[in-house]
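Understanding the architecture of this molecule
Single-letter residue listing:
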Amino acid sequence: MTSKQASQCEVYLGERDSQSLQTSPSSRIFLHTWILTLLMALLTLSTAVSTSPTIFFVFVITNGVAQAFAGSYLQTAVTATASLFGPQAMQPLMSGQAFVGVVVSGVQVLSSIASVSSAETSASEDVEYDESKAASRSAALFFGLSTLFLCATLFASAWLVRLPVYKAVIRPLEQVKRSDDNTEQHDLAHDVPRILRVLKANMSYEFAVAYVFLVTLAVFPPITASVQPANPTRFSPLVFTSLHFFIFNAGDLAGRYLCALPRLLVWGAQSLVGLS
């Protein structure tokens, strides 16, 4: 499902860029955060609804693709907004994305431990343990907390756009954009040569990023999630799999945070390609 979402995001890039020329970043951030909140709430509700495997499969795939689309729009708007405030805002943005991944995977580890603990308690008391219900509770907890986090993000976004520093930097640009839209219709064909020039100038950087994502998505999580503990009776496979997600996200956070250290920064295009 991860590779399908990635390909759908690539197809959506052109449409997303054309929309970025017509709407303000703050509007797109708020709108697509709402969409993600609704989609996550539907996943939470799905844990309490019994349906056929085919319908559930279609629902999960459709929900995942829709989240990829909304997330693609959201990430572009957030990055465009943060870039206006300079590197001191971009670094927390990149590290914050990884930090959210650590928090989410940490919740997943805790829910897995709670599920395994309930199973062991039931076994010690000679009580039948319903594994499917336990998995549903664990998923509901995970999706529910994610939905609450997105709701908190909506409130934070509404608070952010009211700050004086935000208004001083963003509002003038949005007013200019609306003024330009009122005077003449923007012709995307005029932007094609400029976009191609930027694409060519940054080809090495783009290749480095794309290659890292290609290798990462090919190995994690399809292959790494299939690795099982050597002694399943002493270390639950469910906790083991959840823990491996947590370790990966913790490493991702450490790598992004290290980029804040000036001595570790690498700016050369060829060097970045070699590292990738």
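Keep in mind that what you see is a predicted model, and the values were worked out from it rather than measured. (Residues numbered from 1 in each chain as written. Predicted model: local features only at pLDDT ≥ 70, side-chain atom pairs only at ≥ 80, totals over all residues. Heavy atoms only, no water.)

In terms of helices and strands, the chain carries ten helices and zero strands. Start at the N end of the chain and walk to the C end: the helices and strands fall as α-α-α-α-α-α-α-α-α-α. Burial analysis of the chain (276 residues in total) assigns 25% to the buried set. Of the contacts made within the chain by residues no fewer than 6 positions apart, 79% connect residues no fewer than 24 positions apart. (Helix = DSSP H or I, 4+ residues; strand = E, 2+ residues; numbered from the N terminus. Buried < 20%, exposed > 50% of the residue type's maximum accessible area, 1.4 Å probe, protein only. Contact = heavy atoms within 4.5 Å.)

Another aspect to go through is helix H9 (residues 237-258). Taking 1.5 Å per residue, 22 residues should reach 32 Å; H9 reaches 32 Å between its end C-alpha atoms and fits that length. For H9, the complete set of buried residues consists of Val239, Ser242, His244 and Asn249. (Expected span 1.5 Å × (residues − 1).)

Moving on: the packing of aromatic side chains. Under the defined criterion, the tally for this structure stands at six aromatic pairs. Judged by centre distance (5.3 Å) and plane angle (65 degrees), the ring pair of phenylalanine 220 and phenylalanine 245 falls under edge-to-face. Pair noted here: phenylalanine 220 is in the loop between helix H8 (203-219) and H9 and phenylalanine 245 is in helix H9, with a separation of 25 residues, a long-range link. Note on phenylalanine 220: relative accessible area 13%, which makes it buried. (Phe/Tyr/Trp six-rings, centres within 6.5 Å; stacked < 30°, edge-to-face > 60°.)

Below, the discussion takes up the side chain of threonine 44. Mapped onto the elements, threonine 44 comes out in helix H2 (residues 25-46). A polar contact is formed between the side chain of threonine 44 and the backbone oxygen of phenylalanine 143, at a distance of 3.3 Å. A polar atom in the side chain of threonine 44 sits 3.4 Å from the side chain of threonine 147. Ignoring sequence-local partners within four residues, the contact set of threonine 44 consists of Ala140, Phe143, Gly144 and Thr147. (Polar contact = N/O pair within 3.5 Å; in protein donor to acceptor, adjacent residues only side chain to side chain.)

The next thing to look at is the environment of aspartate 252. Turning to its location among the elements, aspartate 252 is positioned in helix H9. When its relative accessible area of 26% is taken as the criterion, aspartate 252 is described as partly exposed. Residues aspartate 252 and alanine 98, 154 residues apart in the sequence, show an inter-C-alpha distance of 6.1 Å.

A few words now on the environment of serine 46. Here serine 46 lies in helix H2. Judged by relative accessible area, serine 46 falls into the buried class, the value being 16%. Along the sequence, serine 46 and alanine 139 sit 93 residues apart, while their C-alpha atoms lie 9.6 Å from each other. If sequence neighbours within four positions are ignored, serine 46 has contacts with Phe56 and Phe59.

Moving on: the nonpolar core. Counting residues in hydrophobic clusters, the biggest one holds nine residues: Ile29, Leu36, Met40, Leu43, Ala70, Leu74, Ala77, Phe143 and Leu150. Sorting the residues of this core by element identifies H2, helix H3 (53-83) and helix H5 (131-160) as the ones contributing at least two each. Here this core gets four residues from one element, more than from any other, and that element is H2. The contact partners of phenylalanine 143, leaving out residues within four places of it in the chain, are Met40, Leu43, Thr44 and Thr47. (Core = buried A, V, L, I, M, F, W, Y, C linked by side-chain atoms within 4.5 Å.)

A few words now on the environment of leucine 148. Take leucine 148: it is sitting in helix H5. Distance from leucine 148 to methionine 40, taken between C-alpha atoms, is 9.4 Å for residues 108 residues apart in sequence.

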